Amino acid sequence: MLIGVALLSTRYYMVDLPVWHFLGGGNGPDPVTLHLRGEFVESNLGAAEGPAGSLTVRMIAQQFDFVPQCIVVPAGVPITFRITSADAVHMLSFLGTDYGLKAVPGVVTEATFTFAKAGEFKIPCHEFCGAGHYAMRGHLDVVPRDQFASLLPGERRTCEPR
Ligand SMILES: [Cu+2]
């Protein structure tokens with residue numbers, strides 16, 4: 001019993017929060033209408049410049065991919081990630097770095113990371129989320145700052161060769 005309680009209390013984000021949001025609590029994004037309205041509509045995903053040159057990346061994790069599948073960001077600039085999930089709990093890890101992010105339905109996870117050098121990072125899902133979990137991976141393309149500045153908004157959401 002005690003072990004059960006201890007286990008559950010460490011799984012707060014996986015058990016309590018999704019139940020809480022399902023019951024109408026909280027004011028996070030609704031996983032069902034995520035793609036249709038609010039902060040996480042398709043046109044608002046990817047890297048976007050905010051006031052004072054800040055950079056925010058918005059992303060949705062869902063069974064079994066990331067939207068957008070690839071994001072382009074500049075090197076050496078603090079990047080604020082805002083991530084949510086459309087279904088299960090997912091865990092993004094940026095291979096080759098210490099950075100990781102949990103995507104939880106109904107909740108926006110926010111963290112700011114800086115990638116010092118240009119390079120490509122794979123973003124595999126590290127939380128078992130279903131049958132296609134093994135194939136769930138995104139990409140992060142870190143490009144030099146001046147190259148990023150010359151990209152059009154649409155080019156920041158794709159890893160097509162430039
Ligand atoms: Cu997964």
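The sections below set out a description of the structure shown in this document. Note that this is a predicted model, so its numbers are computed, not measured. (Residues numbered from 1 in each chain as written. Predicted model: local features only at pLDDT ≥ 70, side-chain atom pairs only at ≥ 80, totals over all residues. Heavy atoms only, no water.)

Examining the overall build of the protein
Consideration 1: Check the secondary structure of the protein and you find three helices and 10 strands.
Consideration 2: The order of α-helices and β-strands along the protein, N terminus first, is α-α-β-β-β-β-β-β-β-β-β-β-α.
Consideration 3: Overall, the protein is about 55 × 35 × 30 Å in size when its C-alpha atoms are taken along their principal axes.
Consideration 4: Within the span of the protein, comprising 162 residues, buried residues form 43% of the whole.
Consideration 5: Taking as baseline every contact in the protein between residues at least 6 positions apart, the subset at least 24 positions apart corresponds to 58%.
Consideration 6: Summing over all exposed atoms, the protein offers an accessible surface of approximately 8900 Å²; the carbon and sulfur share of this is 59%. (Helix = DSSP H or I, 4+ residues; strand = E, 2+ residues; numbered from the N terminus. Buried < 20%, exposed > 50% of the residue type's maximum accessible area, 1.4 Å probe, protein only. Contact = heavy atoms within 4.5 Å. Areas by Shrake-Rupley, 256 points an atom, 1.4 Å probe, with all protein chains shown as cover.)

Here we look at the pairing of strand β2 (residues 55-62)
Consideration 1: Within β2, eight of the eight residues are buried, which leaves the element mostly enclosed by the surrounding structure.
Consideration 2: Burial along β2 is two-sided: L55, V57, M59 and A61 and T56, R58, I60 and Q62, pointing in opposite directions, are all buried.
Consideration 3: Where strand β1 (residues 46-49) meets β2, four bridges bridge the pair, whose relative direction is antiparallel. Counted as the bridge partner of E49 is L55 from β2.
Consideration 4: Connecting β1 to the next strand, β2, in antiparallel fashion are five residues, including A52 with a positive phi near 60 degrees.
Consideration 5: For β2 and strand β3 (residues 65-67), the ladder comprises three bridges, and the chain directions are antiparallel. Bridge pairing links A61 to F66 in β3.
Consideration 6: Between the end of β2 and the start of β3, which pair antiparallel, lie two residues. (Pairing = 2+ DSSP bridges.)

Observations regarding the coordination of the copper ion
Consideration 1: For the copper ion, every protein donor is listed as C125 (SG), E127 (O), C129 (SG) and H133 (ND1), and the spread of their distances is 1.9 to 2.5 Å.
Consideration 2: Seen from the copper ion, its four donor atoms lie at angles of 85 to 128 degrees, and the figure they make is irregular.
Consideration 3: Here the donor residues of the copper ion share one chain and are spaced in sequence as C-x1-E-x1-C-x3-H. Note on accessibility: E127 and H133 belong to one class, buried. (Donors = N, O, S within 2.8 Å, 3.2 Å for Na, K, Ca; no water. Tetrahedral: all angles 85-135°; square planar, octahedral: opposite > 155°, others 65-115°.)

As for the packing of aromatic side chains
For any pair of aromatic rings, geometry is given as the distance between the ring centres together with the angle between the planes.
Consideration 1: Enumeration according to the criterion identifies eight aromatic pairs in this entry.
Consideration 2: An angle of 75 degrees between the planes, with centres 6.4 Å apart, marks the rings of F81 and F115 as edge-to-face. Pair noted here: F81 is in strand β5 (residues 78-85) and F115 is in the loop between β8 (109-114) and β9 (119-124), with a separation of 34 residues, a long-range link. Comparing F81 with F115 shows no difference in burial state: the two are buried.
Consideration 3: Residues F115 and F121 carry aromatic rings whose centres are separated by 5.4 Å and whose planes lie at 45 degrees to one another, so their mutual orientation is tilted. Like F121, F115 is buried. (Phe/Tyr/Trp six-rings, centres within 6.5 Å; stacked < 30°, edge-to-face > 60°.)

As for the nonpolar core
Consideration 1: Counting 30 residues, the largest nonpolar core has F81, F115 and L140 as the members making the most contacts within it.
Consideration 2: Residue contributions to this core peak at four residues, all from β2.
Consideration 3: Judged by nonpolar contacts, the second largest core, of five residues, contains F40, L45, I60 and V67. (Core = buried A, V, L, I, M, F, W, Y, C linked by side-chain atoms within 4.5 Å.)

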